[in-house]
Amino acid sequence: MITLWLLLISALLLLFQVVGGEEVKIGTLHGKLRFDPEIIVVPKGAKINLLFENQDEMIHNLLIAKGDSKHIDGLAKKALDLGARGMDLGFIPEDPSIIASIGLVQPGETAKVSFGAPDENGDYPFVCTFPGHALSMRGIMKVVEDPSLVKAATSPEDLSVKKQKNGAIQVGSLPRVVRVHFAGVDSGRSIAVGLPSGYSYLFDAEKLNVRMGWKGGFINVNNDRRGRGGGLCSILGKRFASGIAAFPIRIGDPTKVPETRFLGYSRAGNPTFYYEVDGIRIEQSTTGSPPGKELTHNFKVAKQKDDVFFLFDPEKVQLSSTTAGKREKGTLRVHAKDSANFVVSLTSLDKGQEGSPEL
Amino acid sequence: MKTKWLALGILSANCLLIGQQTPNCIPEGYHVETIDTPPDEYFGVGGMEFAPNGDLFICTREGDVWRYETKGREWSRFADGLHEALGIWIDPKSSDVFVIQRPEITQLIDSDMDGTADLYKTFNASWGVTDNYHEYAFGLVRDRKGNFYGTLNTSLSWPGWARSQKWNIGRVWTEGYPASEGKMGRAAKYRGWGFQVTTDGKFIPFASGMRSPAGIGINKDDELFFTDNQGDWGASSSLHHIVKDRFHGHPSSLMDHPEFKGKDLNKIPIEEYEKRWSRPAVWIPHGELANSPGEPIFDYTGGKFGPFTGQMFIGDQSRSNIMRVSLDKVRGEYQGVIFDFINHLQTGCIRHVFDGEGTLWVGQTGRGWLSAGGKEYGLQQVRWDGKTLPYSIHDVKLEPNGFRVSFTKPVALKLAEDPNNFPIEHWGYHYHPKYGSQKVGTLKLIPRKTSVSEDAKTVLLEMDLEKKRVYKLNFRKIRNRNGESLVNHLAWYTLNRLKKQYD
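Throughout what follows, the structure given in this document is the object of discussion.

What counts and how
Residues numbered from 1 in each chain as written. Chains lettered and ligands numbered in written order. Predicted model: local features only at pLDDT ≥ 70, side-chain atom pairs only at ≥ 80, totals over all residues. Helix = DSSP H or I, 4+ residues; strand = E, 2+ residues; numbered from the N terminus. Rg over C-alpha atoms; globule rule 2.2 N^0.38 Å. Buried ≥ 20, exposed ≤ 12 C-beta atoms within 10 Å, placed from the backbone. Contact = placed C-beta atoms within 7 Å. Pairing = 2+ DSSP bridges. Axes fitted to C-alpha atoms, helices over the stretch in contact; angles between N-to-C directions. Core = buried A, V, L, I, M, F, W, Y, C linked by C-beta atoms within 7 Å. Nonpolar A, V, L, I, M, F, W, Y, C, P; charged D, E, K, R; others polar.

With that out of the way, let us pick up the overall build of chain B. When helices and strands are tallied, chain B shows 3 helices and 34 strands. Its C-alpha atoms give chain B a radius of gyration of 23 Å, near enough to 23 Å, the size a compact globule of 503 residues would have. Taken over the C-alpha atoms alone, chain B extends approximately 65 × 60 × 40 Å along its principal axes. Taken over 503 residues, chain B has a buried fraction of 51%. Summarising the internal contacts of chain B: among those between residues at least 6 apart in sequence, 61% fall at separations of at least 24.

Written out as structure tokens, the structure is:
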């Protein structure tokens, strides 16, 4: 009986939604971290039935709020600050400025929300506040007397220019490998790697170590590669310590800083870095693993006769697993015979920090 | 009076803005075409080179390498993620692609032949680089023996401009000047050097004293040239002939010079630097002609690009013009004359390459410096129609007693025979740590005598000459036999050395 009533109520509600309001649809563009369209126009004070269709292969949410783009930056930050609760709350923060919201929508799924459009004409921004998406996934809900008079405005052209200028680089189905300078990373030769899994890390081609990992979005190169440049690239995610200091691979003697040479990298499949340590060729590839603060490093060492040492910082990371070698404090000693191919997983002990602070 | 009106009429036709795509000043017979760059992609050009199959490769400040199939006019991305790729070289036989980016020279290899590079192989990374934004690495040329050459920008070191004190290394101002005059420095090894990388990958610091050497070029005899920007120790923008072990004027690089090891560069008197300094082959007067010159390129098109075969073209990243240079070897050293050629294109011109048809491709980036034309980036072609001979100064060569000026068409005798129609100004520059130099001791003169050659295409302007001066020759009043005036009527000759009677 109750079920029947519920069914009836939902059917009525559905009917009400369909007949009793303005139908609006917002989609997402595949692999682009963009909404489509980026401008919607609704009548003042009307009841709006919004359908959110996520055609992308990443998870997205949607919230519409009152305020300028700076305020939206603040909301995005608030969403990030939800931390571990974020997934449960759909990364929708609590804020009185929010007019409507839809929590996390899986790739290929749709979701709906009904709400009353504001009684005041104006531009009301919408945004995806999933970590790392808010920079590029933005649009405008225009509230007007008569939407039929505002045809041209639905073209997202102006916004696409903005998008182009904002310099955010996203990872799609293939890994990205981008040379960067980050604040707080004193290296002229660092390389950011973004993996489709949502994990990213920074490899230092001078000191031959992974300097940090992060999860969420990839990077923004705007301050470095647009206009006059002179700024640094920034991280669009939550970073965590790699726990690996300079020159972590040592051959034969763990106390001796080796002679090294960077040889380049391959982008066929998971990015692989090539370098020499005391004349011995090493191949390294790195992946991230859940729940969010772990990086797994795979080393292949060319045939040689000495034991191989891998140095890490036990105060910053925990060596969670390895396929070879003997652990000592801060050192993994891998026998020469096992060193051809070994894997080390390090879990960060820090809580993680947002992005990279500008100096 | 009638002649004057006619002349003015022609002048207006040549020099007024006709359409948005048409430069204000462009010699007759030359045309500009704008190429669409990949939509929605930032495209600050850093290097351009043709592959043997005719595809044009362009590397960008954004770190991409694009391939342009010129016939089908299709773009595809060959590589990405590089750090400000500001030079590219492609082997004319093997099609191997090399780019220079901030940290290294990289060979980009498409090992699975799918059309995009998958192996980014470090060819050489022997120079120092920090996260200082001025530490550009420019290139890339290769001589016939297979040696690569490139140039390394100094670091932006003065704390008044730089974000951090950590780069405040190697600024040079010398005694008697405030320390703030030294703006650029050397925060890492070999900043301010031109380098050679041999075929076996050995890095050789080649020439020092560079400041912001944004363009390097090579002629058919494997002689190297680079352009530099006005700045501290740089009186004006300039073109230099690179010779091994030369010092080109900016002292910060000397930190890596074995003779200066352990020395305080600020205790060395300025005269000592000046003695060591190889003056620019050609001064490019700042503000008048260029503010940030790019790559020099020689016209070896065999006449397909018009009547200036063997001469050099240089674009400017700020004024967005293309200039023309004719070098003059005087007593074993290059000096020469520079003219404006096209002024201006849609935005800053930094890289240039000729295709097999003799078309000049101009790679552009504005880089937030408000380049003339206003676009942020772009790609344009300059083409000569193959038949229209523009009325132009062809060359200015030094003689022991003056300048010999040649024109592409016979000049109107009456005007050319009057020395008053050839007003000249000349000046020197300071060599000092200050940012740029005023013109020093500007003098005006009128040639003592003019003699016109039999074919009326050459005029000898006789006068007393001084060395270490820039001579600005003004041909505004000169017409050809049809009464046409010159589109570019100014010539700037850098006189470092005087010519003797029997040279």
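There's more to say after this.
Next up on the list: the sheet that holds strand E22 (residues 322-330) of chain B. Residue and element names in this part refer to chain B. As summarised here, the arrangement of the 8 strands in space is E20-E21-E22-E23-E34-E33-E29-E30, forming an open sheet in which the pairing is antiparallel. The open sheet is flanked by strand E20 (293-298) and strand E30 (439-445), the only strands paired with a single partner. Each strand axis lies, on average, 25° off the axis of its neighbour in the sheet, ignoring direction. Here strand E29 (residues 424-429) runs beside E30; their pairing, made up of 5 bridges, is antiparallel.

Quick look at the sheet that holds strand E5 (residues 60-65) of chain A now. Residues and elements named next belong to chain A. What the 5 strands build is an open sheet, ordered E3-E9-E8-E5-E6; its pairing is mixed. Two strands bound the open sheet, and with one partner strand each, they are strand E3 (39-43) and strand E6 (98-105). Between one strand axis and the next, the sheet turns by 20° as a mean value, whatever way the strands run. Across the sheet, helix H2 (residues 69-80) lies against E5, strand E8 (122-127) and strand E9 (138-144), angled at about 25° from E8, the strand it touches most.

In the segment running from Asp 36 of chain A into Pro 37 of chain A, the intervening peptide bond is cis, with an omega of 0°. Residue placement: Pro 37 of chain A occurs in the loop between strand E2 (34-36) and E3. Residues Gly 139 of chain B and Leu 140 of chain B are joined by a peptide bond in cis, for which omega reads -10°. With a phi angle near 55°, Arg 73 of chain B is a residue other than glycine that sits in the positive phi range. Position of Arg 73 of chain B among the secondary structure elements: in the loop between strand E4 (65-69) and strand E5 (74-79). Within the chain, Tyr 190 of chain B stands out as a residue other than glycine whose phi angle is a positive 65°. Relative to the assigned elements, Tyr 190 of chain B resides in the loop between strand E13 (184-185) and strand E14 (194-197).

Moving on, we get to the nonpolar core. Generally speaking, a soluble globular protein has its nonpolar side chains buried in company with each other. By size, the foremost hydrophobic cluster in this structure holds 162 residues, and its most contacted members are Ile 219 of chain A together with Ile 88, Val 99 and Met 323 of chain B. For this core, the element with the highest residue contribution is strand E23 (residues 333-342) of chain B, accounting for 6 residues. The contacts of Val 99 of chain B, once residues within four sequence positions are left out, are Gly 47, Cys 59, Val 65, Leu 82, Ala 85, Gly 87, Ile 88, Thr 106 and Leu 108 of chain B.

What follows deals with the environment of Pro 39 of chain B. Residue and element names in this part refer to chain B. In this structure, Pro 39 sits in the loop between strand E1 (30-35) and strand E2 (45-50). A tally of 8 C-beta atoms within 10 Å means that Pro 39 is categorised as exposed. In the structure, Pro 39 is positioned 36 residues away from Trp 75 in sequence and 9.6 Å away in space, judged by C-alpha atoms.

Of the residues lining the interface, 25 residues belong to chain A; the matching set on chain B comes to 30 residues. Elements represented by at least two residues in the side of chain A that touches chain B include exactly helix H4 (157-166), strand E11 (176-180) and strand E17 (260-266) of chain A. Element by element, the count of residues in the side of chain A that touches chain B is highest for E17 of chain A, at 5 residues. Split into classes, the residues belonging to the side of chain A that touches chain B amount to 9 nonpolar, 10 polar and 6 charged. Note that E17 of chain A and strand E9 (residues 119-124) of chain B share 3 bridges and pair antiparallel. Paired with Gly 264 of chain A across the two strands is Lys 121 of chain B, which belongs to E9 of chain B.

So, to be careful, I would describe these as geometric facts and stop short of saying anything about function.
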